[in-house]
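What follows is each chain in one-letter form.
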Amino acid sequence: MDRAQLADFLRTRREALQPEDVGLPRGPRRRAGGLRREEVAALAGMSADYYNRIEQQRGSIPSEPMLAALAQALQLTLSERDHLFHLGGHPAPQRVRDDRISPIMARIVESLSDIPALVMTDLGETLVQTPPAVALLGDYTRFTGLSRYLVYRYYTDPATRELYPVADQEKRGRVFTADLRVEYRKDPDGVPGEIVTALLAASPEFAEVWGRHEVDVAHHHDLKRYRHDELGELELYAQPLLDLDKDQYLLVFTAVPGSPSHEKLQRLAAGIPG
Amino acid sequence: MADRAELAGFLRARREALRPEDVGLPRGPRRRTGGLRREEVAALAGMSADYYNRIERQRGSVPSARMLAGLARGLRLTLAERDHVFRLAGLPAPDPGDHPSPIVMRVVDSLADVPALLFSRRGAVLLQTRPAVALLGDRTGSTGPPGADPRQDGVWRLRHPQLGELELRRTWLFDPVQSHHLLVLTAVPGSASDEKLRLLAAV
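- In the annotation of an unreviewed UniProt entry, chain B is listed under the name Transcriptional regulator with XRE-family HTH domain and assigned to Catenuloplanes niger.

- Per an unreviewed UniProt entry, chain A is named Transcriptional regulator with XRE-family HTH domain, and its organism is Catenuloplanes niger.

Structure (structure tokens):
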């Protein structure tokens, strides 16, 4: 618990916000210092007096629900919220999965509309795909329930597995399983735990791979092979770019310029496969 | 020992396989059968067309490490391909941390109208968009500007000599293959800082 730092942090964030950032009317007078204390208090559902005491480093230590309300009122990012909790002497809360993609990421995906690219959560849920990515992999965003997660589809849906050459399938399963284990360690009682329980019941193959406790299987530098109904096999690099604030990453597929796979990607982008 | 014929062959094959849009150039009105033009590659690599021509024709001196690094970026080579080009020129492969991945270069192209900087693992600036140069000065090769620490996100207040104070939000993207951090600076839409960023982009 660091009261001085906590007070300082809250004040700088309050002063960085303007009324219109939080949906309040600006009012006739000038706002040099950002939001007022009583406005933050109202947004966070606490009394102005209580909020004042925090900024003045007096009174009791704010509880976790109070800090969560402040984080929301001040529109903190996930990292900022964690920082706020640390300053208040509390452990950072379990990260609630945020399905939205940041405006910057949305812009980048749009600019990549001529090559296969998608944004996935760390759990393998696809949030957005470019048209060539749909043409290459199918529509990854159309699934519901646990099928939204790639690892679940891999072990329960034969069509997902057919995206990879037979020789690569076993390795793919191991990579997806190792990725799931990382998420499971972070959040065993949440969605990762749900996926593990469901897969242990549904797939003896998964149970066997899961039982091996493999962690280090994926290698980003490798060319990965994909199968396409009309185009046949493609050899692609899958370049990840992580959004450090969101538990999401962009995956962009490229081929060696001049290679047969490069030509196939251009046909995919032009919408005339085959 | 340099292998000029292989080097020229490799560069030509890549140049002919690339489309203008692969390297952030507009596709002109005329049809492109042979990929990029020699003078386009030269411009992307920061050398004269004449110099580049001589390399493809296996004449003149063997290109220096600086020239090769420029070519590797201009032709959007992967790290392994860059090292290949250095070896063909008879030079040792440089630090693997200094070469941006082709996809990240393309992403930076797409952010041409906002301040964005790519940092190496050691904090050196590898790429900088034009608005980033206008905002922070040319920092290519130097280590990070104040406030550009990947552990810091959220609001960054900074003062620009002409535009005064700006309040910018930091978005960090991370390339785990090369351990490069991409910093993108944005402002709350419609805010005074947003207006100032627009001015910077128009410069």
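Moving on from the coordinates now.
What to know about empty space enclosed by the protein
All names here are of chain B.
Here is step 1: Considering all chains together, one arrives at two cavities of 30 Å³ or more under this definition.
Here is step 2: Taken as a whole, the largest cavity spans an internal volume of roughly 80 Å³.
Here is step 3: In this structure, the largest cavity is lined by 13 residues; those nearest its centre are Arg 4, Leu 7, Ile 55, Val 62 and Pro 63.
Here is step 4: Elements with a contribution of two residues or more to the lining of the largest cavity: α1 (4-17) and α3 (49-56).
Here is step 5: Grouping the constituent residues of the lining of the largest cavity by class yields seven nonpolar, two polar and four charged.
Here is step 6: There is about 50 Å³ of room inside the second largest cavity.

What about the side chain of Gln 128 of chain B?
All names here are of chain B.
Here is step 1: Positionally, Gln 128 belongs in strand β2 (residues 125-128).
Here is step 2: For Gln 128, a relative accessible area of 15% translates into the label buried.
Here is step 3: Within polar-contact distance, the side chain of Gln 128 engages the backbone oxygen of Gly 137 at 2.7 Å.
Here is step 4: Only 2.9 Å separates the side chain of Gln 128 from the backbone nitrogen of Arg 139, close enough to count as a polar contact.
Here is step 5: In this view, Gln 128 contacts Ala 116, Leu 117, Val 133, Gly 137, Asp 138, Arg 139 and Thr 140; residues no more than four positions away in its chain are not counted.

A short note on the domain arrangement of chain A
Here is step 1: Domain parsing of chain A yields domain 1 (3-87) and domain 2 (103-269).
Here is step 2: Each of domain 1 of chain A and domain 2 of chain A was reduced to a C-alpha centroid, and the two centroids are 40 Å apart.

Observations concerning the interface of chain A and chain B
Accessible area lost on assembly of the parts is the figure often given for the size of an interface.
Here is step 1: Each side of the interface is counted separately: chain A has 33 residues, and chain B has 34 residues.
Here is step 2: In total, about 2900 Å² of surface goes out of reach between chain A and chain B, with carbon and sulfur atoms giving 62% of it.
Here is step 3: Interface area lost by chain A to chain B is led by Ile 104, Arg 107 and Leu 241 of chain A, which between them contribute 20%.
Here is step 4: Seen at the junction of chain A and chain B, the total is two salt bridges.
Here is step 5: Ionic pairing is found between Arg 106 of chain B and Asp 114 of chain A, a salt bridge with its closest N-O pair at 2.7 Å.
Here is step 6: Taken together, chain A and chain B are joined by nine residue pairs in polar contact (both at pLDDT 80 or more).
Here is step 7: Those elements giving two or more residues to the side of chain A that touches chain B turn out to be α1 (3-16), α5 (78-87), α6 (103-111), β4 (232-243), β5 (248-254) and α13 (260-270) of chain A.
Here is step 8: Broken down by element, the residue count for the side of chain A that touches chain B peaks at six residues, all from β4 of chain A.
Here is step 9: Residue classes in the side of chain A that touches chain B are distributed as 14 nonpolar, 11 polar and eight charged.
Here is step 10: In the sheet, β4 of chain A pairs with strand β4 (residues 164-175) of chain B via two bridges, with the strands oriented antiparallel.

Parameters at a glance
Residues numbered from 1 in each chain as written. Chains lettered and ligands numbered in written order. Predicted model: local features only at pLDDT ≥ 70, side-chain atom pairs only at ≥ 80, totals over all residues. Heavy atoms only, no water. 1 Å grid on protein atoms, 1.4 Å probe; cavity = no way out; pocket = protein on both sides within 12 Å on 5 of 7 lines; lining within 4 Å. Points joined across faces, edges and corners; volume = space filled by probe spheres on them. Helix = DSSP H or I, 4+ residues; strand = E, 2+ residues; numbered from the N terminus. Nonpolar A, V, L, I, M, F, W, Y, C, P; charged D, E, K, R; others polar. Buried < 20%, exposed > 50% of the residue type's maximum accessible area, 1.4 Å probe, protein only. Polar contact = N/O pair within 3.5 Å; in protein donor to acceptor, adjacent residues only side chain to side chain. Contact = heavy atoms within 4.5 Å. Domains from an automatic or database assignment. Buried area = accessible area lost by both parts, 1.4 Å probe. Salt bridge = Lys/Arg side-chain N within 4 Å of Asp/Glu carboxyl O. Pairing = 2+ DSSP bridges.

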